[in-house]
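Structural overview for review
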Amino acid sequence: MATCSRGCAPAVRFCQRLNRLKTLDGDMMATSLKRCLSTLDLTLMGVGGMVGSGLYVLTGTVAKDTAGPAVIISFIFAGIASLLAAFCYAEFGARIPKTGSAYMFTYVSVGEVWAFLIGWNVILENMIGGAAVARAWSGYLDSIFNHAIQNFTETHIMQWNVPFLAHYPDLLAAGVLVVASVFISFGVQVSSYLNHIFSTISMVVIAFILVFGFVLADPANWSQEHGGFAPYGMSGILAGSATCFYAFVGFDVIASSSEEAKNPQKAVPIATAVSLGLAATAYILVSCVLTLMVPWRTLDPNSALADAFFRRGYSWAGIIVAVGSICAMNTVLLCNLFSLPRIVYAMAEDGLFFSVFARVNPVTKVPVNAILVFGILMSCMALIFDLEALVQFLSIGTLLAYTFVAASVIVLRFQPEKAGSKDTAATSPNANAEVSPAPSEIQTTAEDSEEPKQYESFSDKLQLVERQKTRERRGVGLLRAYWEPCLDRLLGDCEPGEVVAFCVTILIVSSVSLCAVLEFGNEQLQFPVWCFTMLVVIFSLAYVISLALIWIHEPQRDAKTFQVPLVPLTPAASILFNVFLMMKLSLLTWIRFTVWIAIGLLVYFGYGIWHSKEGLRELQPKDMAARYVVLPSGSLVETVQSVQPDGQVVTSAPQLSPSAAPTAAEASGKR
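The sections below set out a description of the structure shown in this document. Because the structure is predicted, anything quoted here is derived from the model rather than measured. (Residues numbered from 1 in each chain as written. Predicted model: local features only at pLDDT ≥ 70, side-chain atom pairs only at ≥ 80, totals over all residues. Heavy atoms only, no water.)

1. Thoughts on the overall build of the protein
Secondary structure assignment for the protein yields 26 helices and four strands. For the protein, buried positions account for 50% of its 671 residues. Counting only contacts in the protein whose residues sit at least 6 apart along the sequence, the fraction spanning at least 24 positions is 79%. Total accessible area on the protein stands at roughly 30,800 Å², and carbon and sulfur atoms take up 65% of it. (Helix = DSSP H or I, 4+ residues; strand = E, 2+ residues; numbered from the N terminus. Buried < 20%, exposed > 50% of the residue type's maximum accessible area, 1.4 Å probe, protein only. Contact = heavy atoms within 4.5 Å. Areas by Shrake-Rupley, 256 points an atom, 1.4 Å probe, with all protein chains shown as cover.)

Printed below as a string of structure tokens:
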């Protein structure tokens, strides 16, 4: 057994390195970035990230091809599903006001390698998203001038017919990305001012569309003569909800900006709720106006709103709609270019990505290297790639990030806070306030034993009586008192939060299995009815039982910042919905995702794991450790332990601790 244990030790240590958590110590409000964003700034960023070209294109596409006028209900369902994920982001953004969004949230609760992969996917998501919006912006502007830009480029510059590449280099899209990157590198306030301008114009145009559109509304367009309100039934509404869900994916820019917010504990939850509410209201009302102005069967998917006003005899209104569309796309572009460098900066700051991107300009207080390098990379993608085939790749990265953030909320809610890394540092105005560390007993003996008792520090001995009192109360991550008589023998020996972490894993696995059976069981896999039913029942029971086991444990109840309501139900519902949407993606998308993950693992194992600051932090305290031994006589002895790389501990001769000796004598009354 000893030989087997020694042989498995390297593998165990390797797994521990992969799953180490980020330590949040000190004042979390301290940052090298500039905290200058208000609640209004964050709200407009969230609105700008969500209300983009989708308002002018997606509404018409879903209404004509998927749901009909019932696209209104599709947006309501999609808004509710997005709210579940937004709750999770709001809690983390308020509790951990650090940049990095889903990457940071995963790092502090799930593990290092998972956080790196989430950040790696979010990087690609923002790059493709920004490049796709730039090309859409260029194409929309080109269409206003009757494709003069495209014709000139193909005639006088170049064109090619290569798979996955565009037919011509989109110089306009690449140029707008470079210009936007330069403006964002001037500082967060410049980015905020630009976003204010474009968001204000966009909202004024939306107000014009709603007022003038309702004046032109004709309720007969919802009548049975034109197919009725829900021509595709409930299946069309649900399919439309899955598509409309991606209209709300921009709210994570708020969490990415939390390290630059003045008061993130209040601003992040408020901005998330208000921006999501405004975006959902805009999508629902515009969909209502659009399907009431003209029959839904006659909508032009490429420019539904402008075409609707043109067909009602108000072609001049199309110009106003075009201005609103371009401004809305500008806000989405700014949000992508704003979020991406900060995620790269967070990963580089933690040592998982190249350190050159962790440098912050001392004047503008922004990561200029990350902004310019990734802005240029994004412009190169917009210049040469045909991004229509890659746009679907965006969804898998977003949904995966949502899933891990929701899982992180559950894990962290049922995990006791570590001494020295409490989030009170982020919320307490007094940075010098003392936080009494929780006693951590590393070795105990029988109460009536005469052998010395060993503790982490002398303060533990002074708090023995208090610890015995607190044992009577149920701590965070332990069984609730009501369930202790029934399940204590089965689960009582587990560490706080250990059962919850295991149940979250089962929750995700059962969600994936259940959605896979529902999506592929009947058609692709052709399961018999009895087999299909049995698998659905088994995975549903696993999902429900894991939820129940999580619920019977004590959560954190000291709510200093915003907390997601109805945990674990709310994040569990978000996980199930996100996994279901991922199962709707094509096989080619999953293949591309696998390739990108493989590239990311090469970067992590080639660079990140060796330069991780958490890895360096682990080595420092283990080089030399001091332990205090309380003898039966009441005297205090300090034992210095040298920790070897292979985990062996060599203990030197005990010596009296000069600093703690007076305290020991005072406590024992014998000095």
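2. Some thoughts on the side chain of Ser191
Here Ser191 is to be found in helix α9 (residues 188-215). For Ser191, a relative accessible area of 4% translates into the label buried. In this structure, Ser191 is in contact with Ile184 and Phe338, ignoring residues within four places of it in sequence.

3. Examining a nonpolar patch on the surface
The grouping of Val178, Val179, Val182, Phe183, Phe186 and Leu372 at the surface amounts to a nonpolar patch, some 470 Å² of accessible area in total. It is helix α8 (residues 171-184) that contributes the most residues to the nonpolar patch, four residues altogether. Topologically, Val182 is positioned in helix α8. (Patch = residues over 30% accessible without salt bridge, like charges linked within 9 Å, V, L, I, M, F, W, Y side chains within 5 Å. Salt bridge = Lys/Arg side-chain N within 4 Å of Asp/Glu carboxyl O.)

4. A few points about unusual backbone geometry
Going from Val567 to Pro568, the amide bond is cis rather than trans, its omega being 15°. By the secondary structure assignment, Pro568 is in the loop between α22 (529-551) and α23 (569-583). The residue Ser101 is not glycine, and still its phi comes out positive at about 55°. By the element assignment, Ser101 lies in the loop between α4 (71-95) and α5 (102-109). For Ser101, a relative accessible area of 3% gives the class buried. A positive phi angle, close to 60°, is found at Lys365, a residue other than glycine.

5. Some remarks on the packing of helix α2 (residues 39-50) against helix α14 (residues 315-349)
Orientation of α2 relative to α14, taken along the N-to-C sense of each, is 110°, at an axis distance of 7 Å. The angle between the axes of α2 and α14 places the two elements in the roughly perpendicular class. Considering how the two elements wind past one another, α2 and α14 form a crossing that is left-handed. Contacts between α2 and α14 involve Met45, Gly48 and Gly49 from the former and Ala328, Thr331, Val332, Cys335 and Phe338 from the latter. Considered class by class, the residues forming the contact of α2 with α14 number five nonpolar, three polar and no charged. (Axes fitted to C-alpha atoms, helices over the stretch in contact; angles between N-to-C directions. Parallel < 35°, antiparallel > 145°, perpendicular 65-115°, else oblique. Left-handed = near helix turned anticlockwise from the far one by under 90°. Nonpolar A, V, L, I, M, F, W, Y, C, P; charged D, E, K, R; others polar.)

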